[in-house]
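# Fold and geometry: a report
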Amino acid sequence: QQPVQSPQAVILREGEDAVINCSSSKALYSVHWYRQKHGEAPVFLMILLKGGEQKGHEKISASFNEKKQQSSLYLTASQLSYSGTYFCGTERTGGSYIPTFGRGTSLIVHP
Amino acid sequence: EPEVTQTPSHQVTQMGQEVILRCVPISNHLYFYWYRQILGQKVEFLVSFYNNEISEKSEIFDDQFSVERPDGSNFTLKIRSTKLEDSAMYFCASRQRPGTDTQYFGPGTRLTVL
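First things first, this report covers the structure right here in the doc. None of these values were measured; they are calculated from a predicted model.

## Focus: the overall build of chain B
- If you tally the helices and strands in chain B, you get 0 helices and 11 strands.
- If you list the helices and strands of chain B from N to C, you get β-β-β-β-β-β-β-β-β-β-β.
- When the backbone C-alpha atoms are referred to their principal axes, chain B occupies close to 40 × 25 × 25 Å.
- Scored against the burial criterion, the 114 residues of chain B give a buried share of 47%.
- Counted over contacts in chain B with a minimum sequence separation of 6, partners at least 24 positions apart contribute 54%.
- On chain B, roughly 5700 Å² of surface is accessible, and the fraction owed to carbon and sulfur atoms is 46%.
- Separation of charge centres in chain B, based on 11 positive and 14 negative side chains, amounts to 1 Å.

## Structural notes on the sheet that holds strand S3 (residues 19–24) of chain B
Residues and elements named next belong to chain B.
- Strand order in this open sheet of 4 strands is S1-S3-S8-S7, and the pairing throughout is antiparallel. Edge positions in the sheet fall to strand S1 (5–7) and strand S7 (65–68), since each has one partner strand and no second. Across this sheet, the average inter-strand angle for adjacent strands is 20°, counted without regard to direction.
- As paired elements, S1 and S3 share 3 bridges and run antiparallel to each other.

## Here's the deal with the pattern of salt bridges
- On inspection of all chains with the given rule, the structure shows 3 salt bridges over all chains.
- Two residues, Glu91 of chain A and Arg95 of chain B, come together in a salt bridge whose shortest N-O distance is 2.7 Å. With Glu91 of chain A in strand S9 (residues 84–92) and Arg95 of chain B in strand S9 (residues 88–95), this residue pair bridges two chains.
- Of the residues examined, Glu91 of chain A reaches a relative accessible area of 0% and is grouped as buried.

## Things to note about the side chain of Thr13 of chain B
All names here are of chain B.
- Structurally, Thr13 can be placed in strand S2 (residues 10–13).
- For Thr13, a relative accessible area of 9% puts it in the buried group.
- Excluding anything up to four places from it in sequence, Thr13 contacts Val19, Thr82, Leu111, Thr112, Val113 and Leu114.

## Topic: the state of the cysteines
Residue and element names in this part refer to chain A.
- This structure, assessed with the given rule, holds 2 disulfides over all chains.
- Shown here is the disulfide that connects Cys22 with Cys88, its sulfur atoms set 2.0 Å apart. Classification of the bridge connecting Cys22 and Cys88 rests on its S-S torsion, roughly 75°, and on that basis the disulfide is right-handed. Here Cys22 is found in strand S3 (residues 18–23), whereas its partner Cys88 is found in strand S9, with 66 residues between them in sequence.

## A closer look at the interface of chain B and chain A
- Each partner contributes residues to the interface: chain B has 21 residues there, and chain A has 22 residues.
- The junction of chain B with chain A conceals about 1700 Å² of combined surface from both sides, 63% of it contributed by carbon and sulfur atoms.
- On the chain B side of the interface with chain A, the three residues burying the most area are Lys42, Gly99 and Phe105 of chain B, jointly 29% of the side's total.
- Linking chain B with chain A are 5 residue pairs in polar contact (both at pLDDT 80 or more).
- Listing elements by their share of the side of chain B that touches chain A, those giving two or more residues are strand S4 (31–37), strand S5 (44–50) and S9 of chain B.
- Of the residues in the side of chain B that touches chain A, the class split is 9 nonpolar, 8 polar and 4 charged.

## Describing the nonpolar core
- With 22 residues, the main nonpolar core has Trp34, Leu46, Phe61, Val67, Phe75, Leu77 and Tyr90 of chain B as its most contacted residues.
- Counting residues per element, the ones that place at least two in this core are S3, S4, S5, S7, strand S8 (75–79), S9 and strand S11 (109–113) of chain B.
- The contact partners of Val67 of chain B, leaving out residues within four places of it in the chain, are Trp34, Val47, Phe49, Ile54, Phe61, Phe75, Thr76 and Leu77 of chain B.
- Membership of the second largest hydrophobic core comes to 21 residues, among which are Val10, Trp33, Leu45 and Leu73 of chain A.

## A closer look at the pairing of strand S5 (residues 43–49) of chain A
- Of the strand pairs in this sheet, strand S4 (residues 28–36) of chain A and S5 of chain A are connected by 6 bridges, and their pairing is antiparallel. What sits directly across from Val31 of chain A, in S5 of chain A, is Leu48 of chain A.

Criteria and cut-off values
Residues numbered from 1 in each chain as written. Chains lettered and ligands numbered in written order. Predicted model: local features only at pLDDT ≥ 70, side-chain atom pairs only at ≥ 80, totals over all residues. Heavy atoms only, no water. Helix = DSSP H or I, 4+ residues; strand = E, 2+ residues; numbered from the N terminus. Buried < 20%, exposed > 50% of the residue type's maximum accessible area, 1.4 Å probe, protein only. Contact = heavy atoms within 4.5 Å. Areas by Shrake-Rupley, 256 points an atom, 1.4 Å probe, with all protein chains shown as cover. Lys, Arg positive; Asp, Glu negative; His and termini not counted. Charge placed at Lys NZ, Arg CZ, Asp CG, Glu CD. Pairing = 2+ DSSP bridges. Axes fitted to C-alpha atoms, helices over the stretch in contact; angles between N-to-C directions. Salt bridge = Lys/Arg side-chain N within 4 Å of Asp/Glu carboxyl O. Disulfide = S-S within 2.5 Å. Buried area = accessible area lost by both parts, 1.4 Å probe. Polar contact = N/O pair within 3.5 Å; in protein donor to acceptor, adjacent residues only side chain to side chain. Nonpolar A, V, L, I, M, F, W, Y, C, P; charged D, E, K, R; others polar. Core = buried A, V, L, I, M, F, W, Y, C linked by side-chain atoms within 4.5 Å.

Printed below as a string of structure tokens:
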């Protein structure tokens, strides 16, 4: 069962912040975040494992709330290069450990 | 940094023809995957492969699809008789271990069925 991402799209000006959410109806073992630019492959950003961890990657960070079965990706002081579609991929506890991807959130950063 | 490679980058074929998409996973990875992405849609899982056999497949991966690891480096996806709806981007991915390790995607093969 695929995770649900929100919002579907975000339009920002450079320097603004954004939050992208990913939620699942099933207990999760891990959450993966990827960014995909048009016509390119998804690029790995980070993986969060159960235990409620947070991770950071430059000005992009994420949290994983295992109890709520959701993860959030935080983009601070956005740059033009952040534009793209962000996908979360979730792996269920007790599942086959194959990420199932959400429909993606389109992020557009304007100058 | 090691990367997953895929060939060709773009394949155009006639409906009903067979195509083989090729992937070279990262060398010390043990788990291999094929995904499909129809234009503008989400990435969909097709099949996973471990220890020279299919470990899981989705409902999309029907009898017209097959995968093979013919040697120690290549991992192939064959579509026996292509349909128009097979037109999509096909991504190969590999991983050292499931659950905790990063899954790396290749650059993809764009398949166009005419």
